[in-house]
Every structure is written in structure tokens, then in C-alpha cells.
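Below, each chain spelled out in residue letters.
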Amino acid sequence: SRAAEPKKPAEGSALFALSLCSALPFLGAPRLGSSGHVRRQVRGAGGGRAQGWLGPPSLDKAQGCVPAIRTEGGRRRSPVPAAVPFLKIIRKALSEEKRVSTKTSAADLVTETDHVVEALILQELQTRFPSHRFIAEEAAAAGAKCVLTPSPTWIVDPIDGTCNFVHRFPTVAVSIGFAVNQELEFGVIYHCTEERLYTGRRGQGAFCNGQRLRVSGETDLSKALVLTEIGPRRDPATLKLFLSNMERLLHAGAHGVRVIGSSTLALCHLAAGTADAYYQFGLHCWDLAAATVIIREAGGVVMDTSGGPLDLMSCRVVAAGTREMAVLIAQALQTINYGRDDER
Ligand SMILES: O=P(O)(O)OC[C@@]1(O)O[C@H](CO)[C@@H](O)[C@@H]1O
Ligand SMILES: [Mg+2]
């Protein structure tokens, strides 16, 4: 396996901060539109604590490994407690009845918990960093523009894996990335049911619950475990391309192609070396922002499906532990055009 050359953080990176340590009040649940429906679920099921494959979940342990970051007021704080209030809300809601709505397609789901968690995160960040900009999944779904300017920008997915969340399939994450000068600087991804905190800060490594992350060094596609996500569209032409891409990789001899329902957590598997590559058409900047920092800091490569540099707004990506693997995957893929996040 290969480790990334340490890089110097960008000038002005001391602006980073994510400090949501204070106990956050539970906001009132926003109303869903008339398309909302209720999915009944058995109380008490799901959301169980699982043994982590990187060791037992331990926030205390994770806390010691994440560098403190400076708030605008000059105080230094750890980003780790940020996820805790959201973890509780999401874990509680996982086992409860949910009101589910759809967005761009019948497979693109949203619940009131997505809205509540996003509101909490944005409220806290906006209070502390009034001059910063924000891109967030549910705000974008409501029509907010997704434009990445040079200004410090937080990029938030309140629940990645909402379809899993609706079905109580326990692969659900909160993802928060941070960019300055259009450069990704910092990422936090929280696996809500297994209490795994993934963090990456440019030039300072990537960690999961205190253990340094390192990508796999695999260069041979015929020995690779590849992850992907389906994307929201289900029209015949898109499905044909999606399945044909999967078929191409399987014909090339990949050991397997997996779909776990959360692109951020799939990308964390890549960072941890438990998968060798990831590709997708139809994901968004909030799926990619935090994970990109984590993968790069774990020694991996994140690029465009054309083989060129990553474009965060292009709704497509190839990532791998090695450049060789990423190029092989990119060469095998047929493009599915999902447009751009910054042109909606
Ligand atoms: O809506 P959510 O839960 O944030 O996104 C769920 C998800 O599977 O759908 C996207 C598009 O397929 C994926 O990139 C992403 O991980
Ligand atoms: Mg989401």
C-alpha cells in the first residue's frame, strides 16, 4: 500500500472550524409536502451497535486523533463532538415511523430527519461562521444554488443513505466537507449506526476512530473489489448503461462490484483499504467533498471518469487506492450524463 506525500495546508486554512459541542436543541420537524407518505416500522428495531472492523467504536479515542481547529474567535476546538447530537437523532429516528417523500425520482428519498439534521448543522455553522458559504443537499433540493466560489464553503449531506435509513438498513452517514479557494481542506464522515468517525484534513492524514487510514495498493483490476452506487434515475437507457458498466468491470475480472447505498461510506471503505476502487455517475458534491479529502489523505486518488482532474460539481467520479487502478476503471466506463450540480 502507498501513503500520500504530506502536503502543506493552504494559506488561511486556520479558518477551519466545526465546533458543535454545545448541546443542540431538537428543532421542530418540518412539514413534508402532500407527496409525503408514512413508512411504518417496529419500534426498537435497528440502529444496533456493531463491532467495528477497525476496532470497537470509541468517540473518546477518535477525539484524541483529530487535530483541534481554530474558530473565527481564535479558540481551538475538536470537530469530533460535532456529530454526536446528530448521531442520537438519526439513531433514534432509524427505528421509528418515518414520513418519506421523493425528490428527483421515485428512488430519490427524503425524510423529515434529513431536514432536521441539515437545519441543525447549518444553524450551528451559520451562527459561528456568518461570513462562510454553505452548500447542503436538502437546501439544494429546495432550489438553493450549488456554486463553489473561493469563499470558505461548508458542503453538507445530513443523511447519506436515506433509502437505507428508510428501510432500517444500517449503513447511514452524516458528511461534512469544507473548501477554501475551491480546494477541499477538511472532511468528516460519521457512520451513524457503528459510531465510526472518519476524518481527513489536507496535509494531516485520514483517520477512523483514531486509527490511521491507508488505501489498498492494488493495481490489478482482476484482483479488485469495486464499489459503486446506482444513482437516482431508473429510466431504461440509464439502467442499461449502469448495468453495462458493471458488466464491463466483471468481464475484466473484478472480484466483485458492491452497492451499499451510501456513496460516502463506500468511499470510506476505499480509504480504509477494504475496497480497491469506487466509481459513480449521478452523485453530488455533498457525497464527494468530505470523502475526497479522506481518500487523498489515506494515499488514494480521486479523479473524473474521463481520467482528468476531479470536478466536484460534475456528478461523476472514479476513486481508487492507486492511479493505475483508477485509470483502468475510468477506461472501462461508459459515461452516464447527469448534468452538473452548479447548473441546476
Ligand atoms: O439521498 P442520499 O441518501 O443523500 O444519497 C444516497 C445515495 O446513494 O444516492 C446518491 C445518488 O445515487 C448516492 O451518491 C448517495 O450515496
Ligand atoms: Mg442525503
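Residues numbered from 1 in each chain as written. Chains lettered and ligands numbered in written order. Predicted model: local features only at pLDDT ≥ 70, side-chain atom pairs only at ≥ 80, totals over all residues. Heavy atoms only, no water.

An unreviewed UniProt entry annotates the chain as Inositol-1-monophosphatase of Bos taurus. Quoted straight from UniProt, the Catalytic activity (unreviewed entry) entry for the chain says "a myo-inositol phosphate + H2O = myo-inositol + phosphate". The Pathway (unreviewed entry) field of the UniProt record for the chain holds the comment "Polyol metabolism; myo-inositol biosynthesis; myo-inositol from D-glucose 6-phosphate: step 2/2." (UniProt positions renumbered as here; feature names shortened; annotations may be inferred.)

Take the site of ligand 1 next. Near ligand 1 there are 16 residues, and of these E137, D160, G161, T162 and S263 occur at the shortest range. In the environment of ligand 1, an oxygen atom lies 2.9 Å from a nitrogen or oxygen atom belonging to the side chain of E137. Contact distances for ligand 1 include 2.6 Å between an oxygen atom and a backbone N or O atom of S263. Here ligand 1, which alone exposes 390 Å², has 88% of that area covered by the protein. In terms of residues, the shell around ligand 1 owes the most to one element, strand 7 (residues 153–160), which gives 3 residues. Of the residues assigned to the shell around ligand 1, the class counts are 3 nonpolar, 8 polar and 5 charged. (Near = heavy atom within 4 Å. Polar contact = N/O pair within 3.5 Å; in protein donor to acceptor, adjacent residues only side chain to side chain. Areas by Shrake-Rupley, 256 points an atom, 1.4 Å probe, with all protein chains shown as cover. Helix = DSSP H or I, 4+ residues; strand = E, 2+ residues; numbered from the N terminus. Nonpolar A, V, L, I, M, F, W, Y, C, P; charged D, E, K, R; others polar.)

What follows concerns the environment of L197. Counting through the fold element by element, L197 comes out in strand 10 (residues 196–201). It is 14 Å that separates the C-alpha atoms of L197 and I295, two residues lying 98 residues apart in sequence.

We now examine the UniProt feature "binding site: Mg(2+)" (unreviewed entry) in the chain. As annotated by UniProt and renumbered to match this structure, "binding site: Mg(2+)" (unreviewed entry) occupies E137, D157, I159, D160 and D287. In terms of the greatest pairwise C-alpha distance, the residues named above, spread along 151 residues, form a tight cluster of at most 9.9 Å across. Along the chain, D160 falls in strand 7. Those residues in contact with D160 that lie beyond four places of it in its chain are T171, V172, A173, S262, S263, T264, L265 and D287. (Contact = heavy atoms within 4.5 Å.)

The subject of this paragraph is the coordination of the magnesium ion (ligand 2). Every protein donor of the magnesium ion (ligand 2) is listed here as E137 (OE), D157 (OD) and I159 (O), and their distances to the metal cover 1.8 to 2.2 Å. Binding-site remark: the magnesium ion (ligand 2) is held by donors from one chain whose sequence spacing is E-x19-D-x1-I. Of the two residues, E137 sits in helix 4 (residues 137–141) while I159 sits in strand 7, which places them 22 residues apart along the sequence. Residue class for E137 comes out buried when judged on its relative accessible area of 12%. Classification of I159 as buried rests on a relative accessible area of 1%. (Donors = N, O, S within 2.8 Å, 3.2 Å for Na, K, Ca; no water. Buried < 20%, exposed > 50% of the residue type's maximum accessible area, 1.4 Å probe, protein only.)

Backbone-to-backbone hydrogen bonds join strands into a sheet, with any given pair of strands oriented parallel or antiparallel. Spatially, 14-13-15-17-16 is the arrangement adopted by the 5 strands of the open sheet, whose pairing is mixed. Here the strands that pair on one side only, and so sit at the sheet edges, are strand 14 (256–258) and strand 16 (301–303). Neighbouring strand axes in the sheet, compared pairwise and without regard to direction, differ in orientation by 20 degrees on average. Pairing of strand 15 (residues 277–281) with strand 17 (residues 316–320), which is carried by 5 bridges, proceeds in the antiparallel orientation. Residue pairing for strand 17: F281 is matched across the bridge by R316. Those strands touched by helix 7 (residues 263–272) are strand 13 (225–228), strand 15 and strand 17, and its axis lies near 155 degrees from that of strand 15. (Pairing = 2+ DSSP bridges. Axes fitted to C-alpha atoms, helices over the stretch in contact; angles between N-to-C directions.)

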